[in-house]
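Architecture at a glance
Residue-level listing of the chains:
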Amino acid sequence: MRAACDSDSEAATRLGIARSTFQNRMKRAAERGLVAPGRETMPGYRIESLTETPNGTFIKQRKEHGEEYTPTLPVKGKTTLVDAEGRIITQHIMERASAEAQADALRAMVDAFKEEIPRVNIMRAPRGSIAEIANQFTVTDNHFGMLSWREETGADYDLRIAEHLLLDWFSAAVSQAPHGDTAILAQLGDLMHHDALESVTPAHKHVLDADSRLQKVIRVVIKTIRRIIDMLLQSHQRVHVVMASGNHDPASSAWLREMLAAMYELEPRITVDNSPSLYYAFQWGQTGLYYHHMHKRDVKDIDRVFAGIFREMFGRCRYNYGHGGHRHSDQVIETPLMIVERHQTLAAPDAHSAGGGWLSGRSAKRITYSKDFGEVGRSTLRPEMVLGASKMQAANDNGPRTVAA
């Protein structure tokens, strides 16, 4: 039919079908070797073979190969299909950006953020603090941006609840804490539930129950952390900030550390640990404090890692304490090197945790450390105990004040 016509359109019209349908059928026929002898190859096709049959010669056509392959990223693997004699039939090449290239891109992004962030000067330091005391406000796995439905998981949780709950907890914890010299904001990882525009875990691409868009989550996280730092500055001489990387937010924790370090670089009362390491430490007199999300090392063997990475500080300290999260449950182990503690979270469980039966309590702790005697006190506050605390504090801050003569 096609050979007797001047064009595909004419052939399609004579057959009573659409031109696109005719062209698709011709392509399928070419792939099956049903093209008549003498018929030139179709655009984008090549001759695969010629077969002699009693009915004549049939031409089998295949799609033409693409342009010459040139790698644009490092080659990470190949999949090769060979015949019985070991000859290559086809090969698939996998490319992936190297870890170094990804890290360079992240550093460039952070450097750009730094130039635009306004530097902040903070209010005056409070009076009457105890010089030997530091209060560690320990929170982990808050998962801003997670969605949890009470009927499925036992508790509701979304971006708004996460923000109000964390502010309520800090308002109550700060009001109950001793008047220590230094506040340690120990945020131990997974502050954000997802780390990119897609709601998946960065490493294994597990689909997550997400409440909101990434940019909105980032906006709420920045606002919440700044309000928390302001609370701590009102009751302590100094504030040390630890923003540990978690398995849910490795990139977000990196830009958050750098942003806070740049934002408060002119304020001598605030220090931010912006180390790119997954392990962090802070020395308070003879007390050594160590932090890791515990997604790489668990309670049972992380003491050796802390002591090895921070060996000089570890040697100077008589009392040493390790802290982490990740599993959303409490566990304390005392080893010959230190006391290691894994902490619960304030967040509700998600559908994955509830469905798997991984249930634990919800809490966060304020732990008080002495320069000379290690831990000297603590307070455990649960979500039900702190509801509305931030609103009460705001009302008190805005109410009438008496100024001493």
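Look up a bit, the structure's there.
Residues numbered from 1 in each chain as written. Predicted model: local features only at pLDDT ≥ 70, side-chain atom pairs only at ≥ 80, totals over all residues. Heavy atoms only, no water.

Structural notes on the packing of helix 5 (residues 159-176) against helix 6 (residues 214-235)
As a packed pair, helix 5 and helix 6 sit with axes 10 Å apart at the nearest point and diverge in direction by 5°. Relative to helix 6, helix 5 is oriented roughly parallel. Every residue of helix 6 that contacts helix 5 at Leu 159, Glu 163, Leu 166, Leu 167, Phe 170, Ser 171 and Val 174 is listed here: Lys 216, Val 217, Val 220, Lys 223, Thr 224, Arg 227, Ile 228, Met 231, Leu 232 and Ser 235. Residue composition of the contact of helix 5 with helix 6, grouped by class: ten nonpolar, three polar and four charged. (Axes fitted to C-alpha atoms, helices over the stretch in contact; angles between N-to-C directions. Helix = DSSP H or I, 4+ residues; strand = E, 2+ residues; numbered from the N terminus. Parallel < 35°, antiparallel > 145°, perpendicular 65-115°, else oblique. Contact = heavy atoms within 4.5 Å. Nonpolar A, V, L, I, M, F, W, Y, C, P; charged D, E, K, R; others polar.)

As for the sheet that holds strand 15 (residues 374-381)
Within a beta sheet, neighbouring strands are joined by backbone hydrogen bonds and run either parallel or antiparallel to one another. Reading across the sheet, the six strands line up as 8-7-6-5-14-15 and stay open at both edges, with mixed pairing between neighbours. With partners counted over all chains shown, the strands left at the sheet margins are strand 8 (270-273) and strand 15, one partner each. Shown here is a sheet whose adjacent strand axes are inclined to one another by a mean of 20°, direction ignored. Against the sheet, helix 5 touches strand 5 (130-139), strand 6 (180-187), strand 14 (364-370) and strand 15, its axis set at about 155° to strand 5. Relative to strand 6, helix 6 is tilted by about 160°, and along the sheet it contacts strand 5, strand 6, strand 7 (238-243) and strand 8. (Pairing = 2+ DSSP bridges.)

Some details on unusual backbone geometry
A negative phi angle characterises most non-glycine residues, just as the trans form characterises most peptide bonds. Positive phi, normally seen in glycine, also occurs at Asp 190, with a value near 55°. Note on placement: Asp 190 falls in the loop between strand 6 and helix 6. For Asp 190, a relative accessible area of 1% gives the class buried. We note that His 328 has phi near 65°; this positive angle belongs to a residue other than glycine. (Buried < 20%, exposed > 50% of the residue type's maximum accessible area, 1.4 Å probe, protein only.)

Focus: the pattern of salt bridges
According to the stated counting rule, one finds nine salt bridges in the structure shown. Among the salt bridges present, the one from Glu 163 reaches Lys 223, with a minimum N-O distance of 3.2 Å. Pair noted here: Glu 163 is in helix 5 and Lys 223 is in helix 6, with a separation of 60 residues, a long-range link. Among the salt bridges present, the one from Asp 330 reaches Lys 365, with a minimum N-O distance of 2.9 Å. Remark: Lys 365 occurs in strand 14 and Asp 330 occurs in the loop between strand 11 (319-324) and strand 12 (331-334); sequence separation between them is 35 residues. Through salt bridges with shared partners, a single ionic network connects Asp 298, Arg 327 and Arg 342. (Salt bridge = Lys/Arg side-chain N within 4 Å of Asp/Glu carboxyl O.)

Geometric values such as these leave the question of function open.
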